[in-house]
Every structure is written in C-alpha cells, then in structure tokens.
Protein chains: 2
Amino acid sequence: MVTRDRQRRVTITDVAKHAQVSTTAVSKVLQNAYGVSEAMRAKVRAAIDELGYRPHNAARAMRGRTFTIGVLLPHIRNPFFADILDGLTEEISGSGYQAIMVQSGGRGPAAERRASDALVDRQVDGILWVAPLCSKSQLEKMAGDTPLVVLGRHDRSALYDCVLDDDEIGAALVVEHLIALGHRRIAHITDDVGGRSSVLLQTVRATTYERVMTEHGLAEHIAVAATSYTEEGGYEGTRELLARDPRPTAIFAGADQAAFGALAAIHEAGLTVPGDISVAGYDNARVVGFAHIALTSVDQDGALMGKTAGRLLLERIGGRTSAVRFSVTPTLVPRRSTAPPKTP
Amino acid sequence: MVTRDRQRRVTITDVAKHAQVSTTAVSKVLQNAYGVSEAMRAKVRAAIDELGYRPHNAARAMRGRTFTIGVLLPHIRNPFFADILDGLTEEISGSGYQAIMVQSGGRGPAAERRASDALVDRQVDGILWVAPLCSKSQLEKMAGDTPLVVLGRHDRSALYDCVLDDDEIGAALVVEHLIALGHRRIAHITDDVGGRSSVLLQTVRATTYERVMTEHGLAEHIAVAATSYTEEGGYEGTRELLARDPRPTAIFAGADQAAFGALAAIHEAGLTVPGDISVAGYDNARVVGFAHIALTSVDQDGALMGKTAGRLLLERIGGRTSAVRFSVTPTLVPRRSTAPPKTP
DNA sequence: TAGGCGATGGGTAACGTTCCCCACGGTGGG
DNA sequence: CCCACCGTGGGGAACGTTACCCATCGCCTA
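Just so it is clear, the model here is predicted, and its values are computed rather than measured. (Residues numbered from 1 in each chain as written. Chains lettered and ligands numbered in written order. Predicted model: local features only at pLDDT ≥ 70, side-chain atom pairs only at ≥ 80, totals over all residues. Heavy atoms only, no water.)

1. Here we look at the domain arrangement of chain A
Each assigned domain of chain A is listed with its residue range as follows: domain 1 (12–55), domain 2 (68–165 + 301–328) and domain 3 (167–299). The straight-line distance from the C-alpha centre of domain 1 of chain A to that of domain 2 of chain A is 34 Å. (Domains from an automatic or database assignment.)

If you want it as structure tokens, here you go:
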C-alpha cells in the first residue's frame, strides 16, 4: 500500500504554538474545563478558527472518548428505522456527538456479532441497538464495555436501558379492529428469522394475535405464515395464506413492509383490497399513509422512541448506572385498507 | 462524567507476553508482514485466539489505518440506497474493512459539511459519498485527505472516482416511453433542494426531460414542479400539477419516492392510475415492483453500482491514483402505472 | 508579615499500535 | 577463513490527546 501524501493535520500543538500557550490550555478550552480565564478562552478560540483546527478523533479515542454514538440497525430498508434515526439525530444534535450506523442483519447471527464488535472496537461512547437477536447475556456483556440502549425488544436488564412500544396493545388493537369489522378468518404474517424467543417483538405480536383470536372464540381460524418482515416475506406469506381453503378475509401483517408484499400478492391473485381482503400493517411508517392504498397500521411514534433512546444514551454516557425502561403506547390508525368483509 | 469501570481490553502487549514474543512480532503477524516464520505465526495466532484479542481500532488509527470505510448518504429513507449498500457490503466483506454510514442530508449544506467532516475526523480509510451537493473543489479537498468515490453525480475529477448511471439515457427512456404511448401533456417532478447545478443527477433528469419534449415538438407542454425527491415532494408537486388546466395526462417523477407521493395525490383527487394519469418513477427500488400499483420505473442496478464503488475504493486505498469513471446504462421497466391516455 | 488558599496555566506520562531500525546467527562465495 | 548477505526477531520512538499533578501568582487572614 502506498502512503498518501496527505497534508499534515493541524494538531493541538500547532494551535498551542500559534496562540502561544500550552497544549494543556488548548485541551482545557476544548473540554470547557474548569480553571480557564476568559482571555485564555478567547485567545485559544481565535487560534483554532484561524488554523481551522479539528480535534483528531482517534487520538481522543485513545484517551477514552470518541464523541460518537453507534447505531446498530438490522438493515436500512425499513422506513420505520428512518423515523427512529430522525428522533435520535434531533436529540443528540448540538451535544457534540455524532451518530454512525452499521447494518447488523441480513447474514445471520455471525454478521450481527461482527457488526456489534465493529462498534465496540471503534470505541463508540454509546450504542443504540435496534431489534437485536442475540442473547441477553451477550447484550449485558456489551453493556459492560459500552453504555447501551436496546430498542424494540421485550426484556429487562439492570445493565442497559430499553425503549419499546407495547406490542401487546398494538397487536390487540389490530386484531380487535378486524374482529369489530366482522372478520373471523383473520390470518397473521410473522417473522421467524431470529427464532421464536418471547423477547422478540415479532413473537409478542404473533402471540398476542393468537391470544386475542382465542379470547374471541376464533381459535379455529388462527392461521400464521412465518416468513419475514420484508416485502418478499409478506408476498410469500400471503400466497401461502391465499392458497388455504377457505381463504382468510383479513390479513394482519406484523410490519408495514410485509403488508406491502401482501398487497402485491393479493392484487396478483386478482383480488381487491379491502373488497375481498382487508390488510393491516404495523409501524405506521410515514410512507404508508402516502401509498395509493392507504394502509391501516399501528403507530408507535418512532421519532419519539429514537429521541428518547438518544436522551437515555447521553444520560448513561454522563454516568447514570440505574436502568430505565421506556415504553410507548401504540395507537391504531385505521385507513382504507380495512373494511367489513363481504357477506358470503 | 463518571469513568466506567470497564474491564481492561486485551492488548497486543498481553498477546506478546502470553506468546513470549515481542509486540513487534505480533504486529507483524497481524499485518501478514514479511519476515515471520511459520512457527512464529502459529504461536501468535494461538495466543490471539486464547486471549480473544481484537485490535484496538483507535490505536491503529493513530498509526494511519482504521480498516473502516465511511458511507455518506443523504438519508436512509430511500430504498434505493439500501441496494447500493448491499452491493458495497458484498464487495468489501472478507476484505477486513467495515462500512459505517452517516446521514448527510436533511438540514442543508452545513449538515452535509458536518457529516463529511465527521468521517474525515474519524480517519476512515476511504469514503463513498452518495449524491453530494457541495462544490467540486470541496470534494477534491476531501479527496486529498481520504480516498474518495462519488456516486450519482455528473462530474469528472482527476482526484476521485465517479460511479453513476447515465441519467440522460434513463430520463429519455421514460419520456419517450410516455410519448410512444400517445401522451403529449407530460409533466415532470424534480428536486431543487440542492440548487440547479448541472452536475446533479436531478438536474440532468429534468434537463433531459425538457430536451426530449422539445425534440418531439412538445415544448409548449413542458411542466415542471420543483419540489424534492421524497413522498412529500411528489405529493405537493403533483397537487400543483393537477391544478393546471389542462392537467397533464402523465407524470414523470424523477425518483420512485416522489412517484409514490404522486400516486397518493392523484388518488386523493379522485383520479385513477393509469386510467386518468400515467405515472413513472426512477430508480426501480425493489419495493416498487411489489407495490399494489406496480410502478413503471428506470432500473439502474444499485447493487452493481455499490459493488463497483466498493471495488474502486479498495483499489484507491491500495494505492491507485488514476481516476476511474464507471457508468451503468439504465433500462426501462414498464409496469402497470403507465398506459395510453384516454382519448379526450 | 508569614502562611495559606484559590485560581490559573503548564509539564509530562500515558493510551495501543506500527514501523523504522538494528542485532543476531547462519550460510555461501571469494 | 573472512566477510557479506539474508532471514528472522526485537527495541523504541512516534502518532495526538487528555488528565494528573505541580508551579506560580495574587490576595486574604491570623
């Protein structure tokens, strides 16, 4: 490998020389530390501006802080994650921290592990982990190294904070909405890529679906397609469900993305929404209200969740060691994709 | 701020002690450097495994390399970016490099600047910058610090590589497709958030639209709504276009996301697609084929572009200094959202 | 007036890694 | 037999920043 002849960076030493003070003084100004006179502050600030100095992150990292927050996302295809990230960005902007994202999903637990290691190795000051699949003990191990906030997972730990929506309420809202409309043959599309652990939100949604169906005496109509929370998953799952006889009159997809795939499969089968089949999703990503077929969905305020996660992370970085659990209550947003079933 | 009592990391010194060799030797093994016997290699490898050693990234960064590639995306809402990232990830997986993402857009040029600075400050070994808005001189300045590949921008530089699709061909394909169907009043939705520089792909698409219209004697029907490549932008732009009299019979949205917004606005106005109005997008993000209304779009193979960008970046990091420009030829994917206009 | 104290500024040793050197031992050719 | 050379391994400085600790100075109090 050839060494690039990049121009030498401006360092804290250059600033110190230029301002005719010590590097320590410059560092103190940078940290807003105690024991710096106003005159010193001004002098150093001027030198920094004049030279266009920017702190060298790696050097800071060697001393313990990087002013970086790592975000682990399964992937970036789900628009709901963008809402979360917007909230996070809003919260940490102005705090001096910068968020970096890494994709954790798509290639199984080994990839997830690699991605989380990558953030730890890069010495980020805190990690927001969205929908982790790994074990609680692994999360706690990481929390020992780095302040950690977990989003979208139903467990508790004394070592990290949890931000989630109440998926039991959300899923129940959908199923009860469909039942209230008169549906009985209501099917569900779930994600089983990460297994069926009860801490995973997809498991909670699926279990709640089954519970509510049973409570309403509809246990015999329970029909679950276990694919994934993606367009492809929704498409395949729906094809599977449509092949059953009698076919469902409503489909509750565990995520909006899967619901999109469901719409495609239904259309391809020559059926209409909501005429022949009602479809509901979950997440209420901004796009679903804009879609041609406005999708009934469950809103869980991703921006608020992201914002809260950012706040909790900053608190933890600031020294809080007690654990916090923040849960938002989801609401149903009925739109045109759900309607009473045709009388048979 | 409280110092966390995180357990001390395993360092190269620990490995060296455990293997009873020097730190230099361990480093050499890590680098696959010349001058290391097979026995030494094995001994060090064993010690590394036994201790679970992972190199400390910040310390490496101080010496020049981080094994990190930075990706600057305007935002993560556009599913097309996910295709690019998949390609990049595929290419660099196994190379020892890790990609980290930063959002550059959403809050104007200052935010873009902050995001790019963040990556430079974090000493990434190379940067893939998707759809930058800043000036060429700023890009070249960055390229002096860090190997740079720019994706989706119509310029050339001796200092960085360019990956793009031929937007002239792509836009022409759409407009000619609509004209061939019999449309005359074809409108366009463009993005002018980043200004109207001719190096921006949105400008190229808009200019090409006007050129092809003119070439077909349809100059008087040119109608452009300048909003943004988002659902909201497509929605607002379409409302604006629908208010004209006579209203267009076809809308070419410069991006799929905007096309989704257009579909919503058209539906809201009580019109049908493609019955009353044809709609075409650009990017052919995977989701558009799945949507209920399958959208006519332009495919530019984001995965290939991402993969190529990754390759070029690795080459540049490896020492290549000559500039490369890689252009994919887009293809039209006609779907159900475009059809001949109603005879008036 | 001496001693102490608070406020400010600086010297310097780390942090973990790499890489430029140099040392050492063995081998082969003159 | 001596010297040059090659293959291997190690010593140690350097990267930029921070934080501990000490020095200095001016002022207040006993």
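2. Focus on the protein's contact with DNA strand C
Neighbouring residues of DNA strand C: 25 residues in total, closest Y34 and S37 of chain A together with I12, Q31 and Y53 of chain B. Sugar and phosphate atoms constitute 63% of the interface atoms of DNA strand C, taking the interface as everything within 4 Å of the protein. R60 of chain B places a side-chain nitrogen or oxygen 2.9 Å from a phosphate oxygen of DNA strand C. Listing elements by their share of the surface near DNA strand C, those giving two or more residues are α2 (23–31) of chain A together with α2 (23–31) and α4 (57–62) of chain B. The greatest single-element share of the surface near DNA strand C, amounting to 4 residues, is contributed by α2 of chain A. When its residues are assigned to classes, the surface near DNA strand C shows 11 nonpolar, 10 polar and 4 charged. (Near = heavy atom within 4 Å. Polar contact = N/O pair within 3.5 Å; in protein donor to acceptor, adjacent residues only side chain to side chain. Helix = DSSP H or I, 4+ residues; strand = E, 2+ residues; numbered from the N terminus. Nonpolar A, V, L, I, M, F, W, Y, C, P; charged D, E, K, R; others polar.)

3. Some points on the sheet that holds strand β8 (residues 250–253) of chain B
All names here are of chain B. In spatial order, the strands read β7-β6-β8-β9; together these 4 strands make up an open sheet with parallel pairing. In this open sheet, the two edge strands, each paired with only one partner strand, are β7 (223–227) and β9 (278–280). Between one strand and the next, the sheet's axes are offset by a mean angle of 20 degrees, whatever the strand orientation. Against the sheet, helix α8 (residues 167–181) touches β6 (186–191), β8 and β9, its axis set at about 170 degrees to β8. (Pairing = 2+ DSSP bridges. Axes fitted to C-alpha atoms, helices over the stretch in contact; angles between N-to-C directions. Contact = heavy atoms within 4.5 Å.)

4. Remarks on the confidence of the model for chain A
When pLDDT is averaged along chain A, the result is 91, and 96% of the positions lie at 70 or above. With pLDDT under 50 throughout, residues 1–6 of chain A is counted as low confidence; its partners more than four residues away or in other chains account for 13 contacts. (pLDDT = per-residue confidence, 0-100.)

5. Some words on the side chain of S157 of chain A
Residue and element names in this part refer to chain A. By secondary structure assignment, the location of S157 is in the loop between β4 (148–151) and β5 (161–165). Residue S157 is classed as buried on the basis of its relative accessible area, which comes to 11%. Side chain to side chain, S157 and E140 meet in a polar contact 2.5 Å long. Of note is the side chain of S157, whose polar atom sits 2.9 Å from the backbone nitrogen of L159. Not counting the four nearest positions on each side in its chain, S157 is found in contact with K136, E140 and A323. (Buried < 20%, exposed > 50% of the residue type's maximum accessible area, 1.4 Å probe, protein only.)

6. Section: the relation of the copies chain B and chain A
The operation relating chain B to chain A is a screw motion whose rotation component is 180 degrees, with 0.1 Å of axial translation and a residual RMSD of 0.2 Å. The two molecules are tied by a two-fold rotation axis, judged by turn and shift. Comparing interface residues between copies, 97% of those in chain B also lie at the interface in chain A; the contact surface is shared. (Least-squares fit on C-alpha atoms with pLDDT ≥ 70 in both.)

7. Topic: the protein's contact with DNA strand D
Residues in contact with DNA strand D amount to 24 residues; listed here are only the nearest, I12, Q31, Y53 and R60 of chain A together with Y34 of chain B. Restricting the count to atoms of DNA strand D within 4 Å of the protein gives a sugar and phosphate share of 63%. The separation between a phosphate oxygen of DNA strand D and a polar main-chain atom of I12 of chain A is 2.4 Å. Interatomic distance of 2.5 Å between a side-chain N/O atom of Y53 of chain A and a phosphate oxygen of DNA strand D. Those elements that provide at least two residues to the surface near DNA strand D are α2 and α4 (57–62) of chain A together with α2 of chain B. Each residue belonging to the surface near DNA strand D can be placed in one class, and the counts come to 11 nonpolar, 9 polar and 4 charged.

8. Points about the side chain of T68 of chain A
Summarising the element assignment, T68 of chain A is placed in strand β1 (residues 68–73). A relative accessible area of 3% places T68 of chain A in the buried class. Within the local environment of T68 of chain A, its side chain forms a polar contact with the backbone oxygen of T66 of chain A, the two atoms lying 2.9 Å apart. With near-sequence residues (within four places) excluded, T68 of chain A lies in contact with N57, Y97, Q98, I100, V124, D125 and G126 of chain A together with R122 of chain B.

9. Things to note about the packing of aromatic side chains
Residue and element names in this part refer to chain A. Counted under the stated rule, the structure contains 2 aromatic pairs over all chains. Taking the centre distance of 5.6 Å and the plane angle of 50 degrees together, the rings of F67 and Y97 count as tilted. Here F67 is found in the loop between α4 and β1, whereas its partner Y97 is found in the loop between α5 (79–92) and β2 (98–103), with 30 residues between them in sequence. In terms of burial, F67 and Y97 fall into one category: buried. The side chain of R205 reaches across the aromatic face of Y282, ending 3.6 Å from its centre. (Phe/Tyr/Trp six-rings, centres within 6.5 Å; stacked < 30°, edge-to-face > 60°. Lys NZ or Arg CZ within 6 Å of the ring centre and 35° of its normal.)

10. A short note on the interface of chain B and chain A
Listed by partner, the interface residues are 65 residues for chain B and 63 residues for chain A. Buried area between chain B and chain A, both sides added, is near 6,000 Å², and the carbon and sulfur share of it is 53%. The tally of links between chain B and chain A comes to 8 salt bridges. Connecting chain B to chain A are 19 residue pairs in polar contact (both at pLDDT 80 or more). No other element matches the 8 residues that helix α5 (residues 79–92) of chain B contributes to the side of chain B that touches chain A. Taken together, the residues of the side of chain B that touches chain A break down into 31 nonpolar, 16 polar and 18 charged. (Buried area = accessible area lost by both parts, 1.4 Å probe. Salt bridge = Lys/Arg side-chain N within 4 Å of Asp/Glu carboxyl O.)

11. Comments concerning the state of the cysteines
Residues and elements named next belong to chain A. On inspection of all chains with the given rule, the structure shows 0 disulfides over all chains. Free of any disulfide, C134 has its nearest cysteine sulfur in C162, 12 Å distant. For C134, a relative accessible area of 11% corresponds to the buried category. (Disulfide = S-S within 2.5 Å.)

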